Amino acid sequence: MIQDAEEIHELFNKGEKVQGSLRIGASETLCAFWLPPLLKEYSKIYPKVRITLKMADCLDFHELLEKNIIDVAFNLHDESKRKDLFQIDIFDDSTIFVATPDHPFSDLEEITISQLEHQSFILIESESGYSMELKKTFQKQNVKVDSIMELGSIEAIKQCVKEGLGISLLPRIAVDKEIKNGELIALPVETNNILIHAKMIYHVNKWMSAPLKALKDIVLLKTEK
């Protein structure tokens, strides 16, 4: 009822400054490495909008949007092609294999998928996306790794890799800092270039409030650059 009242108020006060609430869902990668500068810019332009940010697994966003628990989501992949969701492509990014600087593979100029056999891997816990693509690649090429540790946090994965517990495949934007300062190295593994596809999604039946429209406009402006 409060949300309905806010929406009605906005309809009759289009000339007022953008205000109200905005509930955003985001994957950990986008929440930690892409979204903060966007929200900083948004909050500077629209200081009267109350932002609630919920970090969740990409697979949960459909239900969260359908139940109107969040207004909009930023995720890394959505292969469902659901007609009840609007999807705006934000950017594509590559993934990269990372390990410690003293890993036995650190001096190799090329690494094939088959050479990864019997290695230990630390991957993000997910039933879709880049981690699942890597598992499918292993299965397709009959590569048997020693173990796959699955964690729900990219920061936890990076710490485990730094401790030498295994190799990981992560979005480039998530490890750029560690590679530049020498904490991790990029391994030149030959793959079909497993990509991530960042998207902004919202339900087709979602009422386009002033705060949501303002966010959409900023995102569209950035994607055009």
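Please refer to the structure placed before this passage.
In this text the structure is predicted, and so the values were computed from the model without any measurement.

Enquirer: Explain the pairing of strand β5 (residues 120–124) to me, and be specific about the residues and the numbers.
Expert: Put simply, side chains in a regular strand alternate between the two faces of the sheet. Across the five residues that make up β5, a large majority, four, are buried. As judged from the five bridges shared by β5 and strand β6 (residues 147–151), these two strands associate in the parallel manner. Paired with L123 across the bridge in β6 is E150.

Enquirer: Tell me about the packing of helix α6 (residues 154–162) against helix α7 (residues 172–180), and name the residues and values.
Expert: It is at 11 Å that the axes of α6 and α7 come closest, and there the two elements cross at 35°. In the crossing of α6 with α7, the sense of the turn from one axis to the other is right-handed. Contacts between α6 and α7 pair I154, K158 and K162 from the former with A174, V175 and E178 from the latter. Its residues placed into classes, the contact of α6 with α7 shows three nonpolar, no polar and three charged.

Enquirer: So what's going on with the environment of A198? Residues and values would help.
Expert: Considering the arrangement of structural elements, one finds A198 in strand β9 (residues 195–203). Residue class for A198 comes out buried when judged on its relative accessible area of 1%. Distance in space between the C-alpha atoms of A198 and F91 is 5.4 Å, their sequence separation being 107 residues.

Enquirer: Just give me the short version of the packing of aromatic side chains, but keep the residues and values in it.
Expert: Counting across every chain of the model gives six aromatic pairs. Both rings, one in W34 and one in F91, keep their centres 5.9 Å apart while their planes meet at 45°; by these two values the pair is tilted. Highlighted residues: W34 in the loop between α2 (28–33) and α3 (35–45) and F91 in strand β4 (residues 85–99), separated in sequence by 57 residues. Between the aromatic rings of Y42 and Y46, the centroid separation amounts to 5.0 Å while the plane-to-plane angle is 55°, which identifies the pairing as tilted.

Enquirer: Requested: an account of the layout of surface pockets, with residues and values cited.
Expert: Approximately 280 Å³ is the volume attributed to the second largest pocket. Lining the second largest pocket we find 18 residues, and of these E28, A56, D57, C58 and I124 sit closest to its centre. Every element with two or more residues in the lining of the second largest pocket is listed here: α2 and α5 (130–140). Tallied by class, residues from the lining of the second largest pocket come to seven nonpolar, eight polar and three charged.

Enquirer: Summarise the environment of E224; cite the residues concerned and give the values.
Expert: Looking at where E224 falls in the secondary structure, it is placed in helix α8 (residues 210–224). Each C-alpha atom of the pair E224 and I90 lies 9.2 Å from the other, and the pair is 134 residues apart in sequence.

Enquirer: Please provide a residue-by-residue account of the pattern of salt bridges, values included.
Expert: Within this structure, the stated rule accounts for 10 salt bridges. The salt bridge partner of K67 is E63, with a shortest N-O separation of 2.7 Å. For K67, a relative accessible area of 53% corresponds to the exposed category. On the basis of relative accessibility, which here comes to 45%, the residue E63 falls in the partly exposed class. The salt bridge involving E155 is made with K158; its shortest N-O contact spans 3.2 Å. Of this pair, E155 and K158 both sit in helix α6, three residues apart, roughly one helical turn. Owing to a relative accessible area of 35%, E155 belongs among the partly exposed residues under this scheme.

Reading the values: the criteria
Each residue is numbered by its place in its chain's sequence as written, counting from 1. Only residues with pLDDT of at least 70 get local features here, since the model is predicted, and only at 80 or more are side-chain atom pairs given and counted; chain-wide, interface and lining totals rely on the full set of residues. To get the side-chain values, take all heavy atoms of the structure and skip hydrogens and water. Burial status follows relative accessibility: with a 1.4 Å probe on protein chains alone, a residue under 20% of its type maximum counts as buried, one over 50% as exposed, and anything between as partly exposed. Only DSSP runs of H or I reaching four residues or more are called helices, and only runs of E reaching two or more are called strands; each is numbered from the N terminus. Note: two strands are recorded as paired if DSSP finds a minimum of 2 bridges between them. Angles shown run from 0 to 180 degrees and are taken between the N-to-C directions of axes, each axis being a line fitted to C-alpha atoms and, for helices, limited to the stretch in contact. Here a crossing is taken to be left-handed if its near helix is turned anticlockwise relative to the far helix by less than a right angle, and right-handed if that turn runs clockwise. Whether two residues are in contact is decided by their heavy atoms, any of which lying within 4.5 Å being enough. Each residue gets one of three labels, nonpolar for Ala, Val, Leu, Ile, Met, Phe, Trp, Tyr, Cys and Pro, charged for Asp, Glu, Lys and Arg, and polar for the others, Gly among them. Two aromatic rings, drawn from Phe, Tyr or Trp (for Trp, its six-membered ring), form a pair once their centres lie within 6.5 Å of each other, and the interplanar angle then sorts them: stacked below 30 degrees, edge-to-face above 60, tilted otherwise. Both site types are read off a 1 Å grid over the protein atoms alone. A 1.4 Å probe that fits but cannot get out defines a cavity, while an open set with protein on both sides within 12 Å along at least five of seven lines defines a pocket; lining residues have an atom within 4 Å of a point. Grid points are joined across faces, edges and corners, and a volume is the space filled by probe spheres set on the points. Any carboxyl oxygen of Asp or Glu within 4 Å of a side-chain nitrogen of Lys or Arg constitutes a salt bridge here.

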